[in-house]
Amino acid sequence: MDDYEELHAKSIADPEAFWAEQAAELSWQKSWHSVLDWNDAPFAKWFDGGKINAAENCLDRHVADGRGDEVAIYWVGEPGDTRNITFSELLSETCRFANAMIARGVKSGDRVLIYMPMVPEAAIAMLACARIGAVHSVVFGGFSATSIKDRLEDSEATTIITADGGWRRGNVVPLKANVDEALENYDAVENVFVLKRCENEIKMTEGRDAWWHDATADMSDFCPAEGFDAEHPLFILYTSGSTGKPKGILHTTGGYLTGTATTFKYVFDHQKDDIYWCTADVGWITGHSYIVYGPMANGAAQVMYEGAPNQPDWDRFWQIVAEYKVTIFYTAPTAIRAFIKAGDHHVDKHDLSSLRLLGTVGEPINPEAWMWYHEKIGAGRCPIVDTWWQTETGAIMITPLPGATPLKPGTATRPFLGIDAAILDETGEECGPNEGGKLVIRKPWPSMLRTIYKDPERFKETYWNEYEGIYLAGDGARTDDDSYFWIVGRLDDVLNVSGHRLGTAEVESALVSHEAVAEAAAVGRPHDIKGQAVVAFVTLKEGIDHGDELALELRQHVGAEIGAIAKPDDIRFTQTLPKTRSGKIMRRLLKEIVSGGEVKGDTTTLEDFNVVASLQKED
Ligand code: 7RM
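So, here's what we can say about the structure.

Structural notes on the overall build of the protein chain
Then step 1. Across its full length, the protein chain carries 19 helices and 30 strands.
Then step 2. In summary, the protein chain has a C-alpha radius of gyration of 24 Å against a globular reference of 25 Å for 619 residues, a match within 12%.
Then step 3. Dimensions of the protein chain, computed from the C-alpha atoms along their principal axes, are close to 75 × 65 × 55 Å.
Then step 4. For the protein chain, buried positions account for 60% of its 619 residues.
Then step 5. Sequence-distant contacts in the protein chain: of pairs separated by 6 or more residues, those separated by 24 or more amount to 70%.
Then step 6. Entry remark: accessible area of the protein chain is about 24,000 Å², with carbon and sulfur atoms responsible for 47%.
Then step 7. Taking the average location of the 59 positive side-chain charges in the protein chain and that of its 95 negative ones, the two points are 1 Å from each other.

Structure representation (structure tokens):
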């Protein structure tokens, strides 16, 4: 820990020196002339002048090192089919698919929407984009046609990569059909590549759609890895904010790869014989940074699993850990709580002695779940790295370093090297120990978001307006007497359902788009497994009665507009919503009602207090 203290102090005294040293571990086609250009803050340029290819760093480099025949991905399909893919094979397939895209006119800078199941081709599609400089935008396979359409319109993607379907809990998710629905009355998309996965019946549109296997059949497995500017966009990933419109978080190449590669190496203490497994989906930032770019830049061997944790039963993960002798396992607190509920006998069936390091991400982990993870999965032997970071930060920011940082259940502990994290009060002063405040990052870091796609004003306003030159994370936090960071939760109207960010406004606008609904307010209620569950308060249009069916119908409607994770657990019909005199819905009061039943906070700005009384009665 003393070494950490010293290294960290040195790294934040001169972050550019620290990050330049880390970046130099990557393979650059041309080296940079300036490490950081912060003149146009908050628009950062890292490693300006440098040229790099992310796919080359993830693939060619390891093949050139003589590791081509080593397995990169041990893939497990939900129905039980498996594939082991070497670095050479991954490189050939990436090149073939990159050539297929080039043959159909995809160019550097074009946006490509990826809507895939958790199959190796999802990673191959991302790397193929990176190889040719196309900007990928992965949409989670659980999202709906409407979500695809919104992201297509915002990103102006002209190519989609999808599959006929993907397996989830024994069912086929109709991915291609969802794409078709998104493309009804929308003709800006020129190419749809379709991977055959489930053999479910689909429609192909002549001239626009092509099977992956047909498009790659005659393609060479050589595709040059052009060096792109360090600041060339690598991907856009949409994430929820406090308005109904998801933000297109833009990451660029050199800095993002430096951040993910460095953190993967140190946080997971990666060694060459490790078998690593991150259970996230590539549709989330965790899948981008810690399935694709971080591990692959380090040449890690990893497990990738297509399906649900309880298919066919709740021991599926542990069976996979035992079978592949997984050594590093990275998952979300919500999954851990679900395993606790399912019962220890599922764990006891399998030999988990290969594990040496465990990780969590996505939300605060409650100490009970931490203890269970530590004892039951890690047999008291494996450190747990509780990693705090965001879609925006690109890479892990606050985390223990295994072996060095003494652990405490429930805290992500200390900032990573090169990261100047702090907690500030309203006036911008640093909070003392045990004083709650706003989590910020005081100095730029290489994997930081560069902007919100096509909305630089929203980028400035959301993250850089509170404190001059300082990044506002949007989380509330405090430090303890050991300067460990305890993350309390979001400060804005963003929910965290099973580790997934969801804007209250997104759920509300989905509800209001239903013909029966006049107004809606969505809030979070604590939930044993999901962390938070969505509760929606709904007022109906004049003359409409909610009857028995409407709540169910509205749940389905939200599922169709956003995706199943956004469906409210509970819909409450009400005559009115609590509002301020200026007409703003006071979600805080609704939250108090759904969490405790009682309203204790300040109600002086409430227009009509009777509203609260009647909502409590209805409760
Ligand atoms: C990686 C990811 C980001 C939000 C973030 C926090 C919460 C994530 C932790 C955590 C406490 C953690 N990206 N969060 N990790 N809270 N401890 N270890 O989740 O963009 O989808 O979400 O998630 O509120 O702001 S994300």
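Topic: the packing of helix α16 (residues 504-512) against helix α17 (residues 550-561)
Then step 1. Put simply, α16 and α17 touch, their axes get as near as 9 Å, and they point 115° apart. In the crossing of α16 with α17, the sense of the turn from one axis to the other is right-handed. Two secondary-structure elements touch here, α16 through V507, A510 and L511 and α17 through L554, H557, V558 and E561.
Then step 2. Of the residues belonging to the contact of α16 with α17, the class tally is 5 nonpolar, 1 polar and 1 charged.

Some remarks on the sheet that holds strand β16 (residues 275-278)
Then step 1. One open sheet holds the 7 strands; their spatial order is β5-β4-β17-β16-β18-β19-β20, and the pairing between them is mixed. Bordering the open sheet on either side are β5 (82-86) and β20 (384-387), each of which pairs with just one other strand. In this sheet, neighbouring strand axes are inclined to one another by 20° on average, regardless of whether the strands run parallel or antiparallel.
Then step 2. Relative to β20, strand β19 (residues 357-361) runs parallel, the two being bridged by 4 bridges. Across the sheet, the residue bridging to T360 is D386, located in β20.
Then step 3. This element, helix α5 (residues 120-132), spans β4 (71-76), β5 and β17 (301-305) of the sheet and lies at about 30° to β5.

A closer look at the state of the cysteines
Then step 1. Taken as a whole and assessed by the stated rule, the structure comprises 0 disulfides.
Then step 2. In this structure C58 is a free cysteine whose sulfur lies 13 Å from that of C95, the closest cysteine sulfur available.
Then step 3. In this structure C58 comes out as buried when scored by relative accessible area, which is 0%.
Then step 4. Left without a disulfide partner, C95 is nearest to the cysteine sulfur of C223, which lies 5.3 Å away.

Some words on the packing of aromatic side chains
Then step 1. Tallied over the entire structure, the rule returns 39 aromatic pairs.
Then step 2. Judged by centre distance (5.5 Å) and plane angle (85°), the rings of F140 and F143 are edge-to-face. For the pair F140 and F143, one class covers both residues: buried.
Then step 3. Here the aromatic residues W38, F43, W445, F459, Y463, W464 and Y471 are joined through ring pairs into a cluster of three or more.
Then step 4. The ring of W211 carries the charged tip of K196 above its face, separated from the ring centre by 4.7 Å.
Then step 5. When the ring centre of Y484 is taken as origin, the NZ or CZ atom of K408, which lies over that ring, is 4.4 Å away.

Regarding the pattern of salt bridges
Then step 1. For the structure shown, the criterion picks out 41 salt bridges.
Then step 2. Among the ionic pairs, D492 bridges to R490, the shortest N-O distance being 2.6 Å.
Then step 3. Take D492: its relative accessible area is 27%, and that puts it in the partly exposed class.
Then step 4. Judged by its relative accessible area of 23%, R490 falls in the partly exposed class.
Then step 5. Three or more residues are tied together by salt bridges with common partners; here these are K176, D180, R208 and D209.

The rules behind the values
- Residues numbered from 1 in each chain as written.
- Predicted model: local features only at pLDDT ≥ 70, side-chain atom pairs only at ≥ 80, totals over all residues.
- Heavy atoms only, no water.
- Helix = DSSP H or I, 4+ residues; strand = E, 2+ residues; numbered from the N terminus.
- Rg over C-alpha atoms; globule rule 2.2 N^0.38 Å.
- Buried < 20%, exposed > 50% of the residue type's maximum accessible area, 1.4 Å probe, protein only.
- Contact = heavy atoms within 4.5 Å.
- Areas by Shrake-Rupley, 256 points an atom, 1.4 Å probe, with all protein chains shown as cover.
- Lys, Arg positive; Asp, Glu negative; His and termini not counted.
- Charge placed at Lys NZ, Arg CZ, Asp CG, Glu CD.
- Axes fitted to C-alpha atoms, helices over the stretch in contact; angles between N-to-C directions.
- Left-handed = near helix turned anticlockwise from the far one by under 90°.
- Nonpolar A, V, L, I, M, F, W, Y, C, P; charged D, E, K, R; others polar.
- Pairing = 2+ DSSP bridges.
- Disulfide = S-S within 2.5 Å.
- Phe/Tyr/Trp six-rings, centres within 6.5 Å; stacked < 30°, edge-to-face > 60°.
- Lys NZ or Arg CZ within 6 Å of the ring centre and 35° of its normal.
- Salt bridge = Lys/Arg side-chain N within 4 Å of Asp/Glu carboxyl O.

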